[in-house]
Amino acid sequence: MEALVGLGMHIGINGCSMRTEDNLHVAASVPTDNLQLETDAPWCQIRRTHAGSVHVKTKFPEVKKERWDGKSCVKARNEPCYCIQVLEVLAAARGDEPLALAQKVYGNSVRMFAPWRCEAREPS
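Residues numbered from 1 in each chain as written. Predicted model: local features only at pLDDT ≥ 70, side-chain atom pairs only at ≥ 80, totals over all residues. Heavy atoms only, no water.

Asks: Break down the environment of Leu90 for me, with residues and values.
Replies: The topology assignment puts Leu90 in helix 3 (residues 83–94). Through-space distance from the C-alpha of Leu90 to that of Ala100 is 12 Å; in sequence the pair is ten residues apart. Sequence-distant contacts of Leu90, that is, excluding residues within four places in its chain, are made with Ile13, Met18, Ala27, Ala28, Leu35, Leu37 and Leu101. (Helix = DSSP H or I, 4+ residues; strand = E, 2+ residues; numbered from the N terminus. Contact = heavy atoms within 4.5 Å.)

Asks: I'd love a proper account of the nonpolar core, names of residues and values included.
Replies: Side chains of a nonpolar character, in soluble globular proteins, are inclined to be buried together. Counting 18 residues, the largest nonpolar core has Ile13, Met18, Leu35, Leu37, Leu90 and Leu101 as the members making the most contacts within it. Every element with two or more residues in this core is listed here: strand 1 (11–13), helix 2 (21–28), strand 2 (35–37), helix 3 and helix 4 (98–113). The element best represented in this core is helix 3, accounting for five residues. (Core = buried A, V, L, I, M, F, W, Y, C linked by side-chain atoms within 4.5 Å. Buried < 20%, exposed > 50% of the residue type's maximum accessible area, 1.4 Å probe, protein only.)

Asks: Just give me the short version of the packing of aromatic side chains, but keep the residues and values in it.
Replies: Following the criterion strictly, the structure yields one aromatic pair and no others. Each ring, one from Phe60 and one from Tyr82, has its centre 5.3 Å from the other, and the planes form 85°; the classification is edge-to-face. A residue pair is termed long-range when its members are at least 10 positions apart, and Phe60 in the loop between strand 2 and strand 3 (62–63) and Tyr82 in the loop between strand 4 (73–74) and helix 3 qualify at 22 residues. Taking relative accessible area as the criterion, Phe60 reaches 27% and is therefore assigned partly exposed. (Phe/Tyr/Trp six-rings, centres within 6.5 Å; stacked < 30°, edge-to-face > 60°.)

Asks: Please set out the pattern of salt bridges residue by residue, giving values where relevant.
Replies: Overall, the coordinates contain two salt bridges when judged by the stated rule. For Arg77, the salt bridge identified is with Glu79, shortest N-O distance 3.0 Å. For Arg77, a relative accessible area of 34% puts it in the partly exposed group. Owing to a relative accessible area of 16%, Glu79 belongs among the buried residues under this scheme. A salt bridge links Asp96 to Arg94, with the shortest nitrogen-to-oxygen separation between them at 2.8 Å. (Salt bridge = Lys/Arg side-chain N within 4 Å of Asp/Glu carboxyl O.)

Everything listed here is a matter of coordinates, which is why it stays silent on function.
Right, here's the structure in full:
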């Protein structure tokens, strides 16, 4: 990771990035300026068996795919809305406040995906 960060690259963290305590330690060590959060939907959601799952605060209603109604997530399928869970787990592992970390990562995303907006404002 250090070599990639040294080249100015960003490191994306998703639910699978935090399966074990060792994974949590590595994810937490990514420099804030090089950090991106992702879900890798439809795979790699944070599962109850993952070390970081105890830090998940935000839950979503889930139903089996045969009963999907548009108001719930499909059980066992990662959805983009689960990105907040990645944030919650990583913030806890780093000892950061989730909102403060979200604002920093948002700035990273704007600089990466919308570089013409160099002023990359933090969300208010």
